[in-house]
Amino acid sequence: PVNRNQGTKEMKEQSKSSGKNAGKSPGKSNTTLFAAIDVGSFNTELVIYEISRKNGIREIDHIRSQLPIGHDTYNDGMVSNAMTAEICEVLRRFRGTMESYGVEDYAAYASSALREARNCRIVLDQIRLRTGITLVTASNSEYRFMSYKAVATHKESFAKALESGMAILDVG
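The text that follows walks through the structure, step by step, so that each part is easy to find. For clarity, every value in this text was computed on a predicted model and none was experimentally measured.

Helix and strand content of the protein chain: 6 helices and 6 strands. Its helices and strands in sequence order give the protein chain the pattern β-β-β-β-α-α-β-α-α-β-α-α, from N to C terminus. For the protein chain, with 172 residues in total, the buried portion stands at 35%. Of the accessible surface of the protein chain, which amounts to about 10,600 Å², a share of 51% is contributed by carbon and sulfur atoms.

Written as structure tokens, this is what we have:
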């Protein structure tokens, strides 16, 4: 059970599952299943992770749907009702996937395409009511921080890269 706050006509959805238990909830053990949802300007993604002391963080599924939300926001200043319905449909499928894995918690973020829409609060409320998923809008700085933090979770390779004079480049 998920704990947190109990596309277009040509939408392409891709899923890449890894691991022998993809699609099945692992048995009771010292692992936690966590999902991350990113609602971006063009893609909406769900990534499911298995987290354990023994194996660290391991990606077990990644689903991406093309939803050009930014087209509405950047052209009209608002997210249309039709696009809101499409976002909700994708997020309902994501929620079903999370439930099928037995995901215990999630974080869901929306980027500037929703944050900058004049009807942002209405769209976020509709998403929460229709899907049960609560999206948090993140600033560009917050997105960059989360990206850097994700890179740094790979401690050994991150430390080696720092020693060799690494640069992190954010293109977006």
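Having seen it, we continue.
Within the largest apolar cluster, 32 residues are counted, with the highest numbers of intra-cluster contacts made by I37, I69, L91, L114 and L135. Per element, the largest residue contribution to this core is 8 residues, and it comes from helix α2 (residues 81-101). Sequence-distant contacts of I69, that is, excluding residues within four places in its chain, are made with V39, G40, S41, T44, V79, M83, I87, A113 and L114.

Let's shift gears to helix α1 (residues 69-76). Residues of α1 that are buried include every one of I69, G70, D72 and T73, and no others. The buried residues of α1 occupy an angular sector of 160° when the element is viewed end-on, so they sit on one face. What points out from α1, more than 90 degrees from its buried face, is the exposed set H71, N75 and D76. For α1, the secondary structure elements touched by its buried residues are β2 (31-39), β3 (43-52), α2 and α3 (112-115). In the stretch just after α1, G77 is the one whose phi turns positive, near 80°.

Helix-helix packing: each pair is described by the crossing angle between the helix axes and the interaxial distance. Packing of α2 against helix α4 (residues 120-131) leaves a shortest axis separation of 9 Å and a crossing angle of 40°. The orientation of α2 relative to α4 falls into the category oblique. Crossing hand, α2 versus α4: right-handed. Note on element contacts: α4 touches α2 through V123, Q126, I127, R130 and T131, opposite T84, A85, I87, C88, L91, R92 and R95. Partitioned by chemical class, the residues of the contact of α2 with α4 number 6 nonpolar, 3 polar and 3 charged.

We now examine the pattern of salt bridges. For the structure on display, the rule yields 7 salt bridges. With a shortest N-O distance of 3.2 Å, E89 and R92 are connected by a salt bridge. Note that E89 and R92 are positioned in helix α2 at a spacing of 3 residues, about one turn of the helix. Close ionic contact of E99 with R95 constitutes a salt bridge, the shortest N to O distance being 3.4 Å. Of this pair, E99 and R95 both sit in helix α2, 4 residues apart, which is roughly one turn of the helix. Residue E99 is classed as partly exposed on the basis of its relative accessible area of 44%. Residue class for R95 comes out buried when judged on its relative accessible area of 15%. Residues joined in a network through salt bridges with shared partners are E89, R92 and R93.

The rules behind these values
- Residues numbered from 1 in each chain as written.
- Predicted model: local features only at pLDDT ≥ 70, side-chain atom pairs only at ≥ 80, totals over all residues.
- Heavy atoms only, no water.
- Helix = DSSP H or I, 4+ residues; strand = E, 2+ residues; numbered from the N terminus.
- Buried < 20%, exposed > 50% of the residue type's maximum accessible area, 1.4 Å probe, protein only.
- Areas by Shrake-Rupley, 256 points an atom, 1.4 Å probe, with all protein chains shown as cover.
- Core = buried A, V, L, I, M, F, W, Y, C linked by side-chain atoms within 4.5 Å.
- Contact = heavy atoms within 4.5 Å.
- Arc of directions from axis to C-beta.
- Axes fitted to C-alpha atoms, helices over the stretch in contact; angles between N-to-C directions.
- Parallel < 35°, antiparallel > 145°, perpendicular 65-115°, else oblique.
- Left-handed = near helix turned anticlockwise from the far one by under 90°.
- Nonpolar A, V, L, I, M, F, W, Y, C, P; charged D, E, K, R; others polar.
- Salt bridge = Lys/Arg side-chain N within 4 Å of Asp/Glu carboxyl O.

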